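Structure at a glance
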Amino acid sequence: MTSVFRFAPSPNGFLHLGHAYSALLNADLARAAGGRFLLRIEDIDPERSRPTFEEAIYHDLRWLGLDWPEPVRRQSEHVAEHAEALQPLKRRRLVYPCFCTRGEIRAEVARRGPSWPRDPDGSPLYPGTCRHIVEPERLRRLGGGAPHLWRLDMARAVAETGPLSWTGIAEDGTMHDILADPARWGDVVIARRDVPTSYHLSVVLDDAAQRVTHVVRGQDLYHATAIHRLLQVLLELPAPLYRHHRLVLDEEGRKLSKSIGSASLRSLREAGESPAGIRRRLGL
Ligand code: GLU
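Residues numbered from 1 in each chain as written. Predicted model: local features only at pLDDT ≥ 70, side-chain atom pairs only at ≥ 80, totals over all residues. Heavy atoms only, no water.

Attention now goes to the overall build of the protein chain. Helix and strand content of the protein chain: 10 helices and 10 strands. With the principal axes as the frame, the protein chain shows a C-alpha extent of 60 × 40 × 40 Å. Per-residue burial over the protein chain gives 51% buried out of 284 residues. Taking as baseline every contact in the protein chain between residues at least 6 positions apart, the subset at least 24 positions apart corresponds to 76%. Accessible area of the protein chain: about 14300 Å², with a carbon and sulfur share of 52%. Where the 40 positive side-chain charges of the protein chain centre and where its 36 negative ones centre are 3 Å apart. (Helix = DSSP H or I, 4+ residues; strand = E, 2+ residues; numbered from the N terminus. Buried < 20%, exposed > 50% of the residue type's maximum accessible area, 1.4 Å probe, protein only. Contact = heavy atoms within 4.5 Å. Areas by Shrake-Rupley, 256 points an atom, 1.4 Å probe, with all protein chains shown as cover. Lys, Arg positive; Asp, Glu negative; His and termini not counted. Charge placed at Lys NZ, Arg CZ, Asp CG, Glu CD.)

If you want it as structure tokens, here you go:
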């Protein structure tokens with residue numbers, strides 16, 4: 001079987017060294033395995049995705065010396081299919097509509113007190129308010145067009161799948177069975193209010209649609225893999241192998257990000273940096 005790797009950026013800012021590391025590592029591993037390197041644009045967020053950033057992704061990656069098969073899969077063109085995948089989860093009552101506003105959730109979490117549990121990213125778990133709404137009331141609200149999103153009923157979902165694990169590949173290539181504990185995330189959002197899908201749903205569906213065999217991405221997505229594994233089992237999708245690579249840090253030891261104004265690849269290029277220089281900086 002041909003190995004298939006992918007780099008899946010979101011076009012909501014200019015790429016920085018952390019993205020370059022991920023893209024180059026994926027391409028290098030694909031080449032070493034005699035496999036394929038795919039590019040996917042994860043642009044389901046209508047608020048934050050911008051054509052300029054997407055154009056810049058193509059430009060920056062070509063400048064780094066990468067190429068990929070065309071056409072590139074753009075998630076926004078597959079939202080209807082992703083929404084369709086939600087239907088069996090609705091029928092199986094593994095998801096439920098949530099009508100809470102952010103403010104209502106904040107107030108409810110505050111009411112539960114400071115020991116209320118948080119997810120691996122540090123956000124308080126959803127307190128489960130809408131999980132308890134009885135079916136006729138749900139239908140009444142949905143019928144009345146009440147704004148809502150869809151959450152996974154985590155307890156039901158894990159009861160259905162039983163214990164879960166995924167196969168992780170370490171830097172030295174050894175493989176390890178890693179126990180997945182999606183329950184730590186609580187009732188995660190599976191379909192948003194503004195688009196009928198979510199990062200978690202779209203990423204597992206697209207990895208399956210593109211027959212991705214190796215998901216190589218930053219350590220910041222390590223814990224999310226538990227949710228992805230759960231969705232793969234619920235939706236009967238194949239399980240790729242996972243490798244979570246180190247994050248590129250700035251001089252102050254902070255994770256690079258658009259929000260703290262980390263230097264973009266385009267600004268490094270404009271300052272005279274070369275693709276070989278970028279590789280050197282990244283130790284690749
Ligand atoms: N689109 C995600 C990001 O830019 C990456 C998703 C993934 O690699 O699974 O952070």
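Still to come is the rest of the account.
Inspection of the entire model under this criterion finds 24 salt bridges. For the salt bridge of Asp206 with Arg40, the shortest nitrogen-to-oxygen distance reads 4.0 Å. One end of the pair, Asp206, is in helix 7 (residues 199-209); the other, Arg40, is in strand 2 (residues 36-41), and 166 residues separate them in sequence. Note on accessibility: Asp206 and Arg40 belong to one class, buried. For the salt bridge of Arg73 with Glu81, the shortest nitrogen-to-oxygen distance reads 3.7 Å. Arg73 sits in the buried class, given a relative accessible area of 15%. Take Glu81: its relative accessible area is 45%, and that puts it in the partly exposed class. (Salt bridge = Lys/Arg side-chain N within 4 Å of Asp/Glu carboxyl O.)

Attention now moves to the site of the ligand. Neighbouring residues of the ligand: Arg6, Ala8, Pro9, Ser10, Glu42, Tyr199, Val203, Arg217 and Leu221. Glu42 is positioned such that a nitrogen or oxygen atom in its side chain is 2.6 Å from a nitrogen atom of the ligand. A distance of 3.0 Å separates an oxygen atom of the ligand from a polar side-chain atom of Tyr199. Notes on the ligand: free accessible area 300 Å², of which the protein chains cover 77%. Among the residues making up the shell around the ligand, the classes are represented as five nonpolar, one polar and three charged. (Near = heavy atom within 4 Å. Polar contact = N/O pair within 3.5 Å; in protein donor to acceptor, adjacent residues only side chain to side chain. Nonpolar A, V, L, I, M, F, W, Y, C, P; charged D, E, K, R; others polar.)

This part covers helix 6 (residues 154-161). One turn of an α-helix holds 3.6 residues; hence residues three or four places apart share an orientation. Restricting attention to buried positions, one finds in helix 6 the residues Met154, Ala157 and Thr161. Along helix 6, the residues classed as buried sweep out an arc of 65 degrees about the axis, all on the same side. Set apart from the buried face of helix 6 by more than 90 degrees, the exposed residues are Ala155 and Ala159. Elements that come into contact with the buried residues of helix 6 comprise strand 5 (149-152), strand 6 (164-169) and helix 8 (224-234). Gly162, located one to two residues past helix 6, shows a positive phi value of around 75 degrees. (Arc of directions from axis to C-beta.)

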